[in-house]
Structures are given as structure tokens and as C-alpha cells.
Amino acid sequence: MTTKFTKDHEWVRLDGDIATVGITKHAAEQLGDVVFVELPDVGKSFGQGDDMAVVESVKAASDVYAPVAGEIVETNGAIVDAPEGVNDGPEGDGWFVKMKLSDASQLDELMDEAAYKEHAADA
Amino acid sequence: MTNETFTGHKGLQLEVPLLFEEGSYEKAGVDLPQPSGTKSRLGDQGAEHAPHLPAFTEPQAMRHFVRLSQKNYAIDMGIFPLGSCTMKHNPRLNEKMARLPGFADLHPLAPEKTAQGALALIHELQDWLCELTGMPAVAMSPKAGAHGELCGMMAIRAAIVAKGEEKTRTRVLVPESAHGTNPATAVQCGFTVDKLPGTEDGRVDLEAMKAKLGDDVAAIMVTNPNTCGLFERDIRAMADAVHEAGGYFYCDGANFNAIVGKARPGDLGVDAMHINLHKTFSTPHGGGGPGSGPTVLSDALAPFAPIPAVVKEGETFRLIEQEEGDFADSFGRMVAFHGQMGMFVRALSYMLSHGADGLRKVGEDSVLNANYVRVRLAEEMTQGYPGPCMHEALFSDKWLKDTGVGTLDFAKAMIDEGFHPMTMYFPLVVSGAMLIEPTETESKASLDEFCDSLLGLAKAAKAGETERFKNAPYFAPRSRLDETKAARQPKLRWVEPEEGAMAAE
């Protein structure tokens, strides 16, 4: 299971044909304390780069984009009830959604961990 | 000596309990005897008890609100450098004019012939706004900036509907540095929003914008000068390109203060722009008064302007209330009456007391002041984008890297120095943004005190004096608030403590 990253600071991890998506540790640190998360409904489909979720901290409200195209199969209700979960484990228990990919090859366009680290350091 | 007092007050800093904590149900401002000989016509359907609202004697109520007002910070006390807000001095002459009984006591439903003076004032203000912007028409009724945006986008939508293109022209292009109200307005009007990328130097990327144009583009919404405090140098080319593609150009006029008297949006190809009277034309805002957002419209959009509107027929002024005559294609009515009359009086007072030359000087001095602040602070702080700015100076948090101090901490420490902080974390395109708009109000001495203090704080942050920042403000009536807890577990209503709990205390 490899994790891929977008330039907008989302991560995506593929397991079979289901991808788990969240925001990176770097993004969570930049946002500061997350106070609100809005997730899409299960069954909704998104194209790559579409606005998919909203995350709001004491500093700013940001859109979370679909890193790859697909259909939402599960959402993480825990971070809606307790948004601090995003700060506690952004790349673990603080995941946002699971989606069924429509085109796995889109993953190839995303960054690997080393490339993302460099990208985040520049930002 | 001790820091604690028996009262909780600290010298002239008087503590203020909540109205619910301080009031009682027995007190009254005016004590009238119980009426006798009256009988309720509600039978046994009357209220079981009076509503539980705390009551006060008159001096108690007076002290409550005066004490609260003393904890306020206002433009009348010091520099208010909030970027994108144009917190300038509100001349007292404006207030005097707005309180003239002929304006202040006029009822909005007064017959036209008894309100000719007020209508003449609105008409004259319309002339000034059209002249200053180089636009043929203006809608006076929008009540604030975002409402003016809504007016402009509704006019654009009406024009698109009139051409029968409402099914196909659905996309609105908005730069990523835009005020959040821009995409919100576009969505409110039924459009989808497409983000425009910026260039390395903080402007809209003209080529990227052109690449996004097509017959499905309804409009672009661009702020000029933009929210990075920079003039969009390609604005004319952007306007031409969007017009060529059959779309319209909405300009967010929030930052008009920087160019008033210097450049006319009409000459830049704008189709609609709201003007914040409460920014550029000095009417109070930010808790001090309602906003007012007249929206100027190009020839292409003028037929769709909302009603009511003031027109001059011979020597008589009329309020057009129906969709008739020149207003037959009006998109309709946004508000009940003609707009914010009190703000119209203040804005016209400001214009007349400054004159055309004075207003040009406003634009010039606001830009000069911002650049003075920019150059002085650049000694210690990193500019968001290189080069000169317009009316506001933008800094990023790059210079705070590895100091353990963030933008928020720095802003809170400014409160201890006696300043209202600048705009923080906006625009979003710059990391840890600090956006400073001094306006033309401030003198060199005032700007120097401000800059000296910020440079001092910047040096302290770099020298590792994190203690000074960590829980700042220390000298404010309340120290650092837990904003996270307030957002995650908001307390939205006061709950009466139980009697037992009170006794136990």
C-alpha cells in the first residue's frame, strides 16, 4: 500500500480498488486547530480536482479536493463529531473519505512521499 | 503590592457582568403603579408569568453599556490597520449633516413632493459616483459590499437571460486571492465558480485566464487593486478578453480608495462594480454603522438596474417604484426602500468637503502611507510579493520561520502595544498573511510609532523572546482566548445557575 500526495496537500492510499483520502500532516499543521469538517454524502461521485469536502480551522476555511476521480463509499463521521481528530492523526484516524476509484492510473500523476516533502518545504 | 483587588476591577478597567447576571426581575427603569379596574380579555389564556428578562434602573443600564464601550477599540482612538477594510477617520461634519432633521426625521414613505431635498441629495450622490467611476448608471439601494456584489451579478444574470444564454453561460471565473464573498455571490446567483491562478508577482495570470474563457463563461470577478494590495496591470486586456468571449466583467470595488480620483473603472472595461461608501467615502463601519454598497453599471447592464431608483424630470426628482419606462427590464427590487439614507448624506458630505482634488489626494496619500509602512517593515519582515504596493502592504510569515512565534501570536502582541491588529491569514495565497492598510488618515508620526513598535516586536520574536508572544495580550481586559474551544464547544446561550449552586459559592 503506497501513499500518494497532491500539491493541494491531500493524501490518498489505495487498498484493492478502494482509496482512503485525507489531508496531510503538513496541511493540518498549517491550518492549526481544526474546528469543523464537512464531508460529502456516500454515493456521490467526484471528478479529479473537484471540491469534495470542507475543513475549517480557527485560521481559515479550506476546500478539500478529490485527488482522484471516484465514488464515495464511506466517510469518517468521527472527525465530524470531533474535528480535533484531524489534528491528532491527519494521516491515520483523521482520514476523510474512502472512494471507489474510476481510473486508478490517475494515481500515477500524484507525488510520492519524497517529492511531496520537497513540495511542502517550498510552500 | 498585590495584583488582585477586592472588586475585581483594575483601576479604570471596570469589570462588567452579563446583563442576565447583573439585572433582577424586580427592578424597573420607570416604576408605574399597577393599573386598577382593568380585566384581561384573554381569560385564562394569558401568560403564566412575565418573560424572564432582567430589568435595570436607568443608571445601572447606563453604566453597563458605558463600561463595555470603554473596552472597545475604535478608529477614534488609534490606527486601525485592518487590510481590505479601509478603516479611515469618519469626519464629524458628516455626522452633523446626517443629523439634520430634514434628513434624519424623514419617513421613507413620505410623499415624493415633501422629500425633494432628500431625493436631490441621492441624485447628486449618484452623479458623483458615476463621474468618479466613469460609468453611466448606478444602483443606490444595495446595503453593503456583498449586497452590491449580489446586485451586480443579478444584473449580469438578467443580461444573460435577456440574451437567452442562461442555460449555457454558467461559469464564473474568480481569482484565488478573491474576497470569499465573490465566489459566494456567484453561487448564490446560480453560477459555478472556476478558480483563476495567480502569477509569481501576485496578479491574475492573464494567459491562464484567457485559456479558461469560452461561451460558457458568464463573467469574471476581479478585485482591483487586488487583495494583495497590487494593481492588476492587465485589467484592460482581461476586460477585452472576457467581452470578446461574450461574458461580463464584475469588479469588486472594496479597494477603490487606492484609485479614487486617479483611475476610472469605466475606462478599465468594467461592467459592474460595487462601491463601499463605508470604506472609500468614510461612513462609519465595523460596528459603528451599517454599510452601503451602491453598484455602478455599464451601458450593457444599466437597463437591468434594480428599482427603486431616483431620476430627475425637469426640476423635479422622482422615485421610480415600478418596472416601467427606462426601468421596464429592471431585475426587480432588492430592498424595501431607497437604501441607506444616513450613509448617503455622510458620503456626499465627504465628497463635497474634499472636492475632486481632495479625493484624488485621498487615493495618493493612502498609497503613499502603505508604501511607507511597506518599506519600513521590510527591514525585518518578508513582503508577500516584491515591489511597490497600492493602498495596503502584504507580508508573509516566512520571516517568523523557526522563531516559535506565528502570525496569530504576533498580532496578539500588537494588542499589548495598543494597536488593533492587521488582517491575518488573508489573502489565502500567502502563508500566514499579514495585510496592513493604514489609510490616508494616519500622519507620519502615527505611522512611525506603529512601525517602530512592529519592528521592535519583530526583533523580539527573532531574538527568541517567545514569552512575550505566547499568551499575549497581557494588558487587555481579557488575555488570550481559547478560540479553538469557543469554536468546537460554543456556548450560545446563558443558563441560569441553579439556586443550590449559587448558595454553595
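Residues numbered from 1 in each chain as written. Chains lettered and ligands numbered in written order. Predicted model: local features only at pLDDT ≥ 70, side-chain atom pairs only at ≥ 80, totals over all residues.

Draft legend 1. Geometry of the overall build of chain B. Summing up its helical and strand segments, chain B has 16 helices and 12 strands in all. Expressed as lengths along the three principal axes of its C-alpha atoms, the size of chain B is roughly 75 × 75 × 45 Å. Counting every position in chain B, which comprises 505 residues, the buried fraction comes to 42%. Residue pairs in contact within chain B that sit at least 24 positions apart in sequence constitute 72% of those at least 6 positions apart. (Helix = DSSP H or I, 4+ residues; strand = E, 2+ residues; numbered from the N terminus. Buried ≥ 20, exposed ≤ 12 C-beta atoms within 10 Å, placed from the backbone. Contact = placed C-beta atoms within 7 Å.)

Draft legend 2. Looking closely at the overall build of chain A. Scanning chain A from terminus to terminus reveals four helices and nine strands. The secondary structure elements of chain A, listed N-terminal to C-terminal, are β-β-β-α-β-β-β-β-β-α-α-β-α. Taking 2.2 N^0.38 as the reference for a compact globule, 123 residues should give roughly 14 Å; the C-alpha atoms of chain A span a radius of gyration of 13 Å, in line with that estimate. Considering only C-alpha atoms, chain A reaches an extent of 35 × 35 × 20 Å along its principal axes. Per-residue burial over chain A gives 37% buried out of 123 residues. When contacts within chain A are restricted to residue pairs at least 6 apart in sequence, those whose partners lie at least 24 apart make up 62%. (Rg over C-alpha atoms; globule rule 2.2 N^0.38 Å.)

Draft legend 3. Structural view of the UniProt feature "domain: Glycine dehydrogenase C-terminal" (unreviewed entry) in chain B. With numbering aligned to this structure, UniProt lists the feature "domain: Glycine dehydrogenase C-terminal" (unreviewed entry) at residues 365–466 of chain B. A helix fraction of 41% and a strand fraction of 8% characterise residues 365–466 of chain B, whose end C-alpha atoms lie 36 Å from each other. (UniProt positions renumbered as here; feature names shortened; annotations may be inferred.)

Draft legend 4. Broad picture of the interface of chain A and chain B. Contact residues are listed per partner, giving seven residues for chain A and seven residues for chain B. Split by residue class, the side of chain A that touches chain B holds five nonpolar, no polar and two charged. (Nonpolar A, V, L, I, M, F, W, Y, C, P; charged D, E, K, R; others polar.)

Draft legend 5. Broad picture of the sheet that holds strand β6 (residues 51–57) of chain A. Residue and element names in this part refer to chain A. The sheet built from three strands is open, its strands ordered β4-β6-β7 with antiparallel pairing. Two strands bound the open sheet, and with one partner strand each, they are β4 (34–38) and β7 (61–65). The average angle at which neighbouring strand axes cross in this sheet is 25°, direction not considered. As paired elements, β4 and β6 share four bridges and run antiparallel to each other. When the bridges of β6 are listed, F36 appears paired with E56. (Pairing = 2+ DSSP bridges. Axes fitted to C-alpha atoms, helices over the stretch in contact; angles between N-to-C directions.)

Draft legend 6. Structural view of the confidence of the model for chain B. Across chain B, the average pLDDT comes to 94, with 98% of residues at or above 70. For this predicted complex, the interface score ipTM comes out at 0.74, alongside a pTM of 0.89. (pLDDT = per-residue confidence, 0-100.)

Draft legend 7. Here's a closer look at the environment of A:W95. Residue and element names in this part refer to chain A. Positionally, W95 belongs in the loop between α3 (84–88) and β9 (97–101). Residues W95 and V21, 74 residues apart in the sequence, show an inter-C-alpha distance of 6.0 Å. If near-sequence neighbours (up to four positions away) are discounted, W95 is found in contact with T20, V21, G22 and N76.

Draft legend 8. Region of interest: the environment of A:A61. Residues and elements named next belong to chain A. By the element assignment, A61 lies in strand β7. Of the residues examined, A61 has 14 C-beta atoms within 10 Å and is grouped as partly exposed. Sequence separation between A61 and V37 is 24 residues; the distance between their C-alpha atoms is 9.5 Å. Contact partners of A61, with chain neighbours within four places excluded, come to V54 and E56.

Draft legend 9. Seen up close, the domain arrangement of chain B. Residue and element names in this part refer to chain B. For chain B, the domain assignment lists domain 1 (92–351) and domain 2 (356–486). Between the C-alpha centres of domain 1 and domain 2 there is a distance of 30 Å. Each partner contributes residues to the interface: domain 1 has 19 residues there, and domain 2 has 20 residues. (Domains from an automatic or database assignment.)

Draft legend 10. Local environment of the UniProt feature "domain: Lipoyl-binding" (unreviewed entry) in chain A. The UniProt feature table records "domain: Lipoyl-binding" (unreviewed entry) at residues 18–100 of chain A. Note that residues 18–100 of chain A is 20% helix and 42% strand, and that its end C-alpha atoms are spaced 5 Å apart.

Draft legend 11. Up close: the UniProt feature "modified residue: N6-lipoyllysine" (unreviewed entry) in chain A. As annotated in UniProt, the feature "modified residue: N6-lipoyllysine" (unreviewed entry) corresponds to A:K59 in the numbering used here. Topologically, A:K59 is positioned in the loop between β6 and β7. Sequence-distant contacts of A:K59, defined by excluding residues within four places in its chain, comprise A:L31, A:G32 and B:Y425.

Draft legend 12. Examining the nonpolar core more closely. Counting 124 residues, the largest nonpolar core has B:A155, B:I156, B:Y250 and B:L297 as its most contacted members. Considering each element in turn, this core owes the most residues, 14 residues, to helix α11 (residues 341–377) of chain B. Both domain 1 (92–351) and domain 2 (356–486) of chain B contribute no fewer than three residues apiece to this core. Setting aside chain neighbours within four positions, we find B:A155 in contact with B:A272, B:L297, B:L301, B:F304, B:A305 and B:F331. One finds A:A19, A:A27, A:A53 and A:V86 within the second-largest nonpolar core, a separate group that totals 28 residues. (Core = buried A, V, L, I, M, F, W, Y, C linked by C-beta atoms within 7 Å.)

Draft legend 13. Region of interest: the sheet that holds strand β7 (residues 295–297) of chain B. All names here are of chain B. Taking strand neighbours across the sheet as the criterion, the seven strands line up as β1-β7-β6-β5-β4-β2-β3 in an open arrangement whose pairing is mixed. Each edge of the open sheet is held by one strand with a lone partner, namely β1 (137–139) and β3 (192–196). Shown here is a sheet whose adjacent strand axes are inclined to one another by a mean of 25°, direction ignored. Examined bridge by bridge, strand β4 (residues 217–223) and strand β5 (residues 248–252) share five bridges and lie parallel to one another. Residue pairing in the sheet places A219 in a bridge with Y248 of β5. Contacts between helix α6 (residues 145–162) and the sheet are confined to β1, β4, β5, β6 (272–274) and β7, with β6 contributing the most and set at about 165° to the helix.

Draft legend 14. The arrangement of the packing of α11(B) against helix α13 (residues 444–462) of chain B in detail. All names here are of chain B. Axis separation between α11 and α13 bottoms out at 10 Å; the angle between their running directions is 25°. It follows from the interaxial angle that α11 and α13 lie roughly parallel. In the packing of α11 onto α13, the handedness of the crossing is right-handed. In this structure, α11 contributes N369, Y372, V373, R376 and L377 to the contact, and α13 contributes L447, C451, L454 and L455. Its residues placed into classes, the contact of α11 with α13 shows seven nonpolar, one polar and one charged. (Parallel < 35°, antiparallel > 145°, perpendicular 65-115°, else oblique. Left-handed = near helix turned anticlockwise from the far one by under 90°.)

Draft legend 15. Representation of helix α7 (residues 181–188) of chain B within the structure. Residue and element names in this part refer to chain B. Regarding α7, the residues found buried are T181, N182, T185 and A186. End-on view of α7: buried residues confined to an arc of 135°, all on one side of the axis. Check the buried side of α7 and you find it contacts α6, β2 (171–175), β3, β4 and β5. Phi turns positive, to about 90°, at G190, one or two residues after α7. (Arc of directions from axis to C-beta.)

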